[in-house]
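Working through the structure, step by step
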Amino acid sequence: MKKFASLILALVLCLCSVSALADRAPVAKEDLKVGFIFLHDENSTYDLNFITAAKEICDKLGIAYVMKTNIPEGQECYDAAAELADDGCNIIFADSFGHESYMIQAAMEFPEVEFCHATGTKAHTEGLSNYHNAFATIYEGRYLAGVAAGLKLNEMIEAGKITADQAKIGYVGAFPYAEVKSGYTSFFLGARSVCPTATMEVTFTYSWYDEAMEKEGAQMLIQKGCALISQHADSMGAPTACEVAGVPNVSYNGSTVSACPNTFIVSSRINWAPYFEYIMTCVMNGEAIDTDWTGTVATGSVELSAVNEQAAAKGTIEKLEAVKAGLADGSIKVFDTATFTVGGQPLTTYLADVDDMGDFQGETEVIIGGEFAESKFRSAPYFDINIDGITLPEGM
C-alpha cells in the first residue's frame, strides 16, 4: 500500500510540474533569485570555473544569488536544494554528476522552481518540465588541447629528447565514467592527429578532487616513461608534479601558467557563462528551458586558454586556429571512426547507453555517417569505448 501511495504521489508531482510549465509566467529581474550548489569551493579548478561564471552573469544581469559550496554527492545536496527553494530561489543549479538524483527529488517536491544540472543524464527520460541537464561539446576543446600536446611531442622527438616510439602521454583521470573516457579519448585523438606514434596510459584516482592522489598519479606516470601529462581531475596535483619534474603538461578548467610557467602548455574548459545567462533569461521571459542544452564553440561555451609559448611547440597557436576552423566547418570530426580502431577492428556500429536506466545496456545507435555522434542524443557525453593505443589500469 505504501509503495502504491508513493507511486501516486510521484505521478501527482509530475503532473503538477507539467502544469507549472504551462502556467509559467515571466519573473521580473528584481524578483529573480538563483541558488548554486557546488561540490567543492574555489580551491577546486572545476568548481572555480563554475563559480566564476555564475558571479559574472549574476553581476552582469543584476540578479540576486546564493552559493552553497562543499556540498557532497549525497542527501546533503537535496537538503541544500530544499533550503534554497525555501529561501525563494526561482532557479537552482548543481554542478556535479552525483548530485543528479537529489536534484530530481527536489524538482519533484518544488515544481514551481527550475532545477538545472550540469553533466547529468536523466532529464530527457524523467519527464519533469522543471528539471534540465546541460553540458558542452568539450570533446572539441580536448581534441584541440591534444593537438597542442602532439605538437610538443613532435618537437621533443625532433630535438632528440625522446624517440618516436617514446611519444607516450600520461593521463590522470577521476573516474572511468563516459565523461572522462570521452575527454581522454578526444585528447588522445587530437594528439595522434599530428603525432601518429603517440600512445597514452591512463590512471584513475576515483575522486574528482584529491590533490595528493592526483600528484601521485602524475608522478607514477612520469616514472613509467610518459613524456607529457594531462588530466581530468580538479586540483593542482598533476600540474605541480609536472613542474617539479620538468614534464610538459596540459591542464583542464583553466590556465596554470602562473604556478607552472615552464611546463604548462594550454588548457581547455567549458565556459558556463552562456548557459547561466540563457536559463536566467528564459525565466525572466517566461520561456521554457531546454531539457538538454549543449553548448558549443559557436555559443562561446568551449574555450582554450592562452597558449604558453614558453612551453608550447613553435607554431602551436597557428595550428590550433586551423584545427578550430576545421571543427567549426565540419571538415574535422573528433570521433571520426576512420581515425581509430577497437580490438584491431574499425567501429561500424555501436549502441550507447544514452538513456542511462541503470542497466548499463546500450539502446541507441550512435555511429552515424562514419562518426561517433557524441552529445547528439543528450547533452552529457556517452562515449565509453576503449580504443586501441590507450592503456588502462590492469583489470579494466
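That block above? That's the structure.
Definitions and cut-offs
Residues numbered from 1 in each chain as written. Predicted model: local features only at pLDDT ≥ 70, side-chain atom pairs only at ≥ 80, totals over all residues. Heavy atoms only, no water. Buried < 20%, exposed > 50% of the residue type's maximum accessible area, 1.4 Å probe, protein only. Helix = DSSP H or I, 4+ residues; strand = E, 2+ residues; numbered from the N terminus. Pairing = 2+ DSSP bridges. Axes fitted to C-alpha atoms, helices over the stretch in contact; angles between N-to-C directions. Core = buried A, V, L, I, M, F, W, Y, C linked by side-chain atoms within 4.5 Å. Contact = heavy atoms within 4.5 Å. Expected span 1.5 Å × (residues − 1). Phe/Tyr/Trp six-rings, centres within 6.5 Å; stacked < 30°, edge-to-face > 60°. Lys NZ or Arg CZ within 6 Å of the ring centre and 35° of its normal.

1. Description of the pairing of strand β11 (residues 292–295)
Two faces make up the sheet, and in a regular strand the side chains alternate between them. Side chains W293 and G295 project from β11 onto a buried face, and the interleaved D292 and T294 project onto a face without burial. Where strand β5 (residues 131–136) and β11 come together, four bridges link them in parallel fashion. Bridging from a neighbouring strand, A136 pairs with G295 of β11.

2. Observations regarding the sheet that holds β5
The parallel open sheet is built from six strands, whose spatial order is β2-β1-β3-β4-β5-β11. Edge positions in the open sheet fall to β2 (64–68) and β11, since each of these has one partner strand only. Here the strands of the sheet are splayed against their neighbours by 20° on average, with no regard to which way each runs. The pairing of strand β1 (residues 33–37) with strand β3 (residues 91–94) spans four bridges and is classified as parallel. Bridge pairing in β3 places V34 opposite I91.

3. So, the nonpolar core
Where a protein is soluble and globular, its nonpolar side chains tend to be buried together. If you look at the biggest cluster of nonpolar residues, it comprises 57 residues, and the most contacted ones within it are L153, Y184, F187 and M200. Of all elements in the fold, only α6 (138–158), β6 (168–173), α7 (178–194), β7 (199–204), β10 (264–270) and α11 (316–329) reach the threshold of two or more residues within this core. In contact with M200, other than residues within four places in its own chain, are I169, Y171, Y184, F187, F188, G389, I390 and T391. Counting 36 residues, the second-largest nonpolar core is a separate cluster that includes F50, L61, F276 and V302.

4. Observations concerning α7
Taking 1.5 Å per residue, 17 residues should reach 24 Å; α7 reaches 25 Å between its end C-alpha atoms and fits that length. For α7, a buried count of 15 out of 17 residues is recorded, marking the element as mostly surrounded by other parts of the structure.

5. Thoughts on the packing of aromatic side chains
Tallying each qualifying case throughout the model produces 30 aromatic pairs. Considering the side-chain rings of F50 and W272, the 4.9 Å spacing of their centres and the 25° angle between planes classify their relative orientation as stacked. Pair noted here: F50 is in helix α2 (residues 45–61) and W272 is in the loop between β10 and α10 (273–285), with a separation of 222 residues, a long-range link. Just as F50 is buried, W272 falls in that class too. The side chain of R142 reaches across the aromatic face of Y252, ending 3.6 Å from its centre. Positioned above the aromatic ring of F377 is the side chain of K376, whose terminal nitrogen or guanidinium carbon lies 5.9 Å from the ring centre.

6. Observations concerning the environment of N253
Considering the arrangement of structural elements, one finds N253 in the loop between β9 (249–252) and β10. Assessed through its relative accessible area of 9%, N253 is described here as buried. The sequence separation of N253 and H232 amounts to 21 residues, and the corresponding C-alpha distance is 9.0 Å. Non-local contacts of N253, meaning those with residues more than four positions away in its chain, are made with T45, Y46, N49, S267, S268, R269 and I270.

In short, geometric facts, not functional conclusions.
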